[in-house]
Amino acid sequence: MIAALIMCLLIVLICLGMPIAFTLAVCGALGLYLEVGLSPMLSVLQTTPYRTAASFLLSTVPLFILMAELLARGSIVRNLYRACYLWMGHIRGGLALAAIAASVGFAVLSGSSTAAAAAMSRISMPEMRRYGYSESFALGVIAVGGTLSIMIPPSLPLILYGVLTETSIGRLFLAGILPGALTAAFYVITIIIQVRRNPEIAPPTEKYSWSERFSSMPGTSPAIVLVLLVLGGIYSGAITATEAAAVGAAGAFVISVLVGGLRWTGVKEAFSATLTTTSMIFAIVIGAMIFGYFLAVTQVPQALVIWVGDLPLPSWTILLIIIALYLVLGFFIDQIAIIILTLPLIFPLVQSLGYDPIWFGIILTKTVEMGLVTPPLGLNVFVACGATNTRVEDGFKGVTPFLLGDLVVLALLIFFPSIATFLPSLM
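Not measured: the values here are computed from a predicted model.

**Some points on the overall build of the protein chain**
Within the protein chain, the secondary structure is distributed over 21 helices and zero strands. In terms of overall size, the protein chain behaves like a compact globule, its C-alpha atoms giving a radius of gyration of 22 Å where 427 residues would be expected to give roughly 22 Å. Based on the C-alpha atoms only, the size of the protein chain along its principal axes is roughly 75 × 45 × 45 Å. By residue count, 54% of the 427 residues in the protein chain fall in the buried class. Expressed as a percentage of contacts within the protein chain between residues at least 6 apart in sequence, the contacts between residues at least 24 apart total 80%.

This is the structure:
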């Protein structure tokens, strides 16, 4: 009964607009007080914040965010986009294809979706406008392109999932490569279909010579070096994912300053944005840990597992219900908050059903990725529209066709789990 009341209070506070971090902490503390008394509750509040924030694994979060912010404020991403533009710009819809290709490149360099959307908005939107691209179409491409940073490693949601479920982050990174590439491929297919059905949304642009195309390639070499440092180090076993985050942040700083045109103002902006985002994420994690202690005391996860196990439903039906729940939550709650809020309840249930935790981590990441571009929250859409001074309605209109492609990819991941598990099985 206490657990049910606290859950209701949690939902009410979220609906009233209270920040997720404080909602989790308040509800968890109140539940502990009602369940075990004042002294144990104070003990949890005294030790949990430091013990959580001092986690060695969580140090990857601010480092990968800093890496993304530094790259977004230099010319590295701009050089990536220019190379893609010179090679594909002459194709109908080529600027959109170049934006997706550059977003894939940025995703390999960072784990921040919002940083990717902001960077690509500043770089690709002026070019699309100059050549007469439809505003809604261009915004849709930029917003969904940013979501690739959620799946393609290094990925912040995959890091948090690995930390909270004690799953190998290196294996999760490997598992995200093929689904990320598949998602990008479906975005490309969606662009081609749209420009064929309605050529007016993407007029053709000028064609560049082979010498101009090849001359753009040296500008992408800093990005390639950084990728080899970070992902090559992880997959070769030379460094851990945590160490790779430090290498990536340091490498991004050095490369952006030496060859990326990063100046003191950009450095300050990058560190300020990193502090803001990291503070938000850590506050949510701490609140979730306090709430997790309450759930552990009430044994709600164990009771849920037993109850679901006794239902006259096959395991795949229960899995589809869980996925549907995540899709709905993505409409209203930030993706980081969804992962931290639901995993204490859902993960034991998924394990009891016999599903691979690596595969489920990819499924979960795919659903929260879609939440970044679905109304009314759609954080990437708001970022893209804010950076380009356009209407949010146009942004949501532009992402709608791409969501159909996302649903197809999600279905493929469900019915063909080997898409996610093949590469980790080779590790």
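Alright, that's what it looks like, and here's the rest.
**Side note on helix H2 (residues 20-36)**
An ideal rise of 1.5 Å per residue puts 24 Å on 17 residues; H2 measures up with 24 Å between its terminal C-alpha atoms. Buried residues of H2: Ile20, Ala21, Thr23, Leu24, Cys27, Gly28, Ala29, Gly31 and Leu32, and no others. Where the residues of H2 are buried, they touch helix H1 (2-15), helix H3 (38-53), helix H14 (264-298) and helix H17 (335-352). Phi for Gly37, located one or two positions after H2, is positive at around 105°.

**Thoughts on the nonpolar core**
If you look at soluble globular proteins, the nonpolar side chains tend to sit buried side by side. Counting 141 residues, the largest nonpolar core has Val61, Leu71, Tyr81, Phe137, Val141, Ile191 and Phe360 as its most contacted members. It is H17 that provides the largest number of residues to this core, a total of 12 residues. Setting aside residues up to four positions removed in sequence, Ile191 forms contacts with Gly93, Ala96, Leu97, Ile100, Phe137, Val141 and Phe402.

**Focus: the side chain of Thr367**
Assignment of secondary structure puts Thr367 in helix H18 (residues 357-371). Non-local contacts of Thr367, meaning those with residues more than four positions away in its chain, are made with Ile323, Tyr326, Leu327 and Leu410.

**Comments concerning the packing of aromatic side chains**
Applying the stated criterion across every chain, the model contains six aromatic pairs. A centroid spacing of 6.2 Å and a plane angle of 25° characterise the contact between Tyr133 and Phe137, whose relative ring orientation is stacked.

**Some points on the environment of Gly371**
When you line up the elements, Gly371 lands in helix H18. Given the relative accessible area of 9%, Gly371 is considered buried. With residues up to four places along the chain from it excluded, the contact list for Gly371 reads Gly330 and Gly378.

**Examining the confidence of the model for the protein chain**
Here the protein chain averages 82 in pLDDT, while 96% of its residues score no lower than 70. When the elements of the protein chain are averaged for pLDDT, helix H15 (residues 300-309) gives the smallest value, 66, and helix H10 (residues 169-197) the largest, 91.

**Focus: the packing of H10 against H18**
Interhelical geometry of H10 versus H18 gives an angle of 40° and a closest axis separation of 10 Å. Comparing their axes, H18 and H10 come out oblique. Helix-helix and strand crossings are classified by hand; for H10 and H18 the assignment is right-handed. On H18, the residues touching Arg171, Leu172, Ala175, Gly176, Pro179, Thr183 and Tyr187 of H10 are Ile358, Ile362, Lys366 and Glu369. For the contact of H10 with H18, a count of residues per class yields six nonpolar, two polar and three charged.

**Brief notes about the pattern of salt bridges**
A complete count under the given rule lists four salt bridges for this structure. Of the charged contacts in the structure, one is a salt bridge between Lys366 and Glu369, with a shortest N-O distance of 2.6 Å. Of the two residues, Lys366 and Glu369 both sit in helix H18, three residues apart, roughly one turn of that helix. In this pair, the class of Lys366 matches that of Glu369, namely buried. Among the ionic pairs, Arg391 bridges to Asp394, the shortest N-O distance being 3.1 Å. A residue is classified by how much of its surface remains accessible, and Arg391, at 52% relative accessible area, is exposed.

**Description of the packing of helix H4 (residues 60-72) against helix H9 (residues 156-165)**
Packing of H4 against H9 brings their axes to within 10 Å, and their N-to-C directions diverge by 175°. Between H4 and H9, the interaxial angle falls into the category roughly antiparallel. Only Leu156, Ile159 and Leu160 of H9 make contact with H4, whose side of the interface consists of Thr60, Val61, Phe64 and Ile65.

**Let's talk about helix H13 (residues 241-258)**
If you check H13, its first and last C-alpha atoms are 25 Å apart, about what 18 residues at 1.5 Å a residue would give, namely 26 Å. Buried-residue contacts for H13 involve H4, helix H5 (76-88), H10 and helix H12 (221-236).

**With respect to the environment of Leu426**
Looking at where Leu426 falls in the secondary structure, it is placed in the segment after helix H21 (418-425). Given the relative accessible area of 58%, Leu426 is considered exposed.

**Digging into a nonpolar patch on the surface**
Taken together, the side chains of Leu30, Tyr33, Leu34, Leu38, Leu42 and Leu45 define a hydrophobic patch exposed on the protein surface, amounting to about 520 Å² of accessible area. Elements with a minimum of two residues in the nonpolar patch: H2 and H3. On the secondary structure map, Leu30 appears in helix H2. Owing to a relative accessible area of 34%, Leu30 belongs among the partly exposed residues under this scheme.

The rules behind each value
Residues numbered from 1 in each chain as written. Predicted model: local features only at pLDDT ≥ 70, side-chain atom pairs only at ≥ 80, totals over all residues. Heavy atoms only, no water. Helix = DSSP H or I, 4+ residues; strand = E, 2+ residues; numbered from the N terminus. Rg over C-alpha atoms; globule rule 2.2 N^0.38 Å. Buried < 20%, exposed > 50% of the residue type's maximum accessible area, 1.4 Å probe, protein only. Contact = heavy atoms within 4.5 Å. Expected span 1.5 Å × (residues − 1). Core = buried A, V, L, I, M, F, W, Y, C linked by side-chain atoms within 4.5 Å. Phe/Tyr/Trp six-rings, centres within 6.5 Å; stacked < 30°, edge-to-face > 60°. pLDDT = per-residue confidence, 0-100. Axes fitted to C-alpha atoms, helices over the stretch in contact; angles between N-to-C directions. Parallel < 35°, antiparallel > 145°, perpendicular 65-115°, else oblique. Left-handed = near helix turned anticlockwise from the far one by under 90°. Nonpolar A, V, L, I, M, F, W, Y, C, P; charged D, E, K, R; others polar. Salt bridge = Lys/Arg side-chain N within 4 Å of Asp/Glu carboxyl O. Patch = residues over 30% accessible without salt bridge, like charges linked within 9 Å, V, L, I, M, F, W, Y side chains within 5 Å. Areas by Shrake-Rupley, 256 points an atom, 1.4 Å probe, with all protein chains shown as cover.

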